[in-house]
Each structure stands twice: as C-alpha cells, then as structure tokens.
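Examination of the molecular architecture
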Amino acid sequence: MNETSTAPADARRRGRLSGTGRVLVAVYGVLALAATGRSLVQIVEKFDEAPLAYSLSALAAVVYILATVALVLPGRTWYRIAWATIVFEFTGVIVVGLLSVLRPDLFPHDTVWSWFGRGYLFIPLVLPPLGMWWLARHPVQDAAAHADGTVAPTAVDAEGRA
C-alpha cells in the first residue's frame, strides 16, 4: 500500500483523535474500566441486595465500552454509534440521577449514574456534553485522495452516498 491510499483514512482518524479527542477517549476508557470492574464485583458479590442498581451499573459499563470504541474507530457507522451511545449515556445519567435524588428508595445502593455520577466525581454528568460537543465539531468527512496526495471532501447526498 502506498502513502496516497492511506491518506484519507489517516486524515479522518487524526481529525477526531487529536488533542482533546485523545483526552476524551482516554477518560471514556478509564470510565469504561471503572464501571466494568465495579459492576462485576457488585453482581458477583451482592446482586440480590440491589439488582436494579447493579444491572444499571453493568449497562453503564457496556455503554462506556461501546462509546470508547466508537470514538476511536473511523467511519460514518462508528460516528453514529458514538452519538447514540453518548446520547443514551446522558439520558441515563439525567434519569437515574433524578430518580436517585427524588426516590432514593429505588436505589438502595449506588450505580455509576446515581446522584449524577457523584461516586465518579460527576464525570458521568460532564462527559456526555463534552463528547457531543466534540462529535459535533468533528463530523465524519467522506474524503477522496488526489494524485498529489492531498485530500478533499467528496459530495455526499442525503443518504450519505458519494
């Protein structure tokens, strides 16, 4: 493979994974590991004490893992998956956060999203808006490589086809 054939993919990957994007992915990765570890321990050791809370922690872990992967991988499909997971995450944080404040009896034990992510320094509350902002600022660009190696966006119709 020559340099020209990899230029479009490399250019698109660098667009979302440079600077702040790398930090965002790193934070999502750490949160994915933390939520996964927490939920596994909770489910294995004391699932019967708070099945709803521990199931929500496991769901949060899956969402964080999928969001991390989707932020890293290039392409329109992964971009859409990143949006879907981050919007789902934000909705979960708001709904579970409100319920844990208004109806604490529903959550006798904390989840990742309880009290808007209080147990995780409110990172679950702050991270989704940052992720949505980042994705909005770095949309997927279909690109075509010119013979001289430069990359130019291609025209895309409403269905996303070039």
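In the block above lies the structure referred to throughout.
Below is a summary of the structure that appears in this document. Note that this is a predicted model, so its numbers are computed, not measured.

Rules behind the numbers
Residues numbered from 1 in each chain as written. Predicted model: local features only at pLDDT ≥ 70, side-chain atom pairs only at ≥ 80, totals over all residues. Heavy atoms only, no water. Helix = DSSP H or I, 4+ residues; strand = E, 2+ residues; numbered from the N terminus. Polar contact = N/O pair within 3.5 Å; in protein donor to acceptor, adjacent residues only side chain to side chain. Contact = heavy atoms within 4.5 Å. Salt bridge = Lys/Arg side-chain N within 4 Å of Asp/Glu carboxyl O. Buried < 20%, exposed > 50% of the residue type's maximum accessible area, 1.4 Å probe, protein only. Expected span 1.5 Å × (residues − 1). Arc of directions from axis to C-beta. Phe/Tyr/Trp six-rings, centres within 6.5 Å; stacked < 30°, edge-to-face > 60°.

Residue position: T85 is located in helix α4 (residues 76–102). Polar side-chain contacts of T85 include one of 3.0 Å to the backbone oxygen of A82. Leave out the neighbours within four places in its chain, and T85 touches V63, L66 and A67.

Once that is clear, we can look at the pattern of salt bridges. Side-chain pairs of opposite charge can arise whenever the charged atoms involved come near each other. In this structure the tally under the stated criterion is two salt bridges. The salt bridge partner of R103 is D105, with a shortest N-O separation of 2.8 Å. Between D110 and R118 there is a salt bridge; the shortest N-O distance is 3.9 Å. Taking relative accessible area as the criterion, R118 reaches 41% and is therefore assigned partly exposed.

With that out of the way, let us pick up helix α5 (residues 123–137). The terminal C-alpha atoms of α5 lie 21 Å apart, and with 15 residues this matches the ideal 21 Å at 1.5 Å per residue to within 8%. Buried residues of α5: P124, L127, P128, G131, M132, W134 and L135, and no others. One side of α5 holds all its buried residues, which, seen down the axis, span an arc of 165°. Counted as exposed and oriented over 90 degrees from the buried face of α5: A136 and R137.

Moving on: the packing of aromatic side chains. As enumerated under the stated definition, the model contains four aromatic pairs in all. Judged by centre distance (6.5 Å) and plane angle (80°), the ring pair of Y64 and W113 falls under edge-to-face. With a gap of 49 residues between them, Y64 in helix α3 (residues 51–72) and W113 in the loop between α4 and α5 connect regions that are remote in the sequence. Of the residues examined, W113 reaches a relative accessible area of 2% and is grouped as buried. Joined through ring pairs, the aromatic side chains of Y28, Y64, F88 and W113 make up one cluster.

Another aspect to go through is α4. Helix length check: α4 (27 residues) gives 39 Å between terminal C-alpha atoms against 39 Å at 1.5 Å per residue, within 8%. Of all the residues in α4, the buried ones are Y79, A82, T85, I86, E89, G92, V93, V96, G97 and S100.

Secondary-structure assignment places A58 in helix α3. Note on A58: relative accessible area 22%, which makes it partly exposed. Residues A58 and L40 lie 18 residues apart in sequence; the distance between their C-alpha atoms is 7.3 Å. When residues no more than four places from it in sequence are discounted, the contact partners of A58 are S39 and I43.

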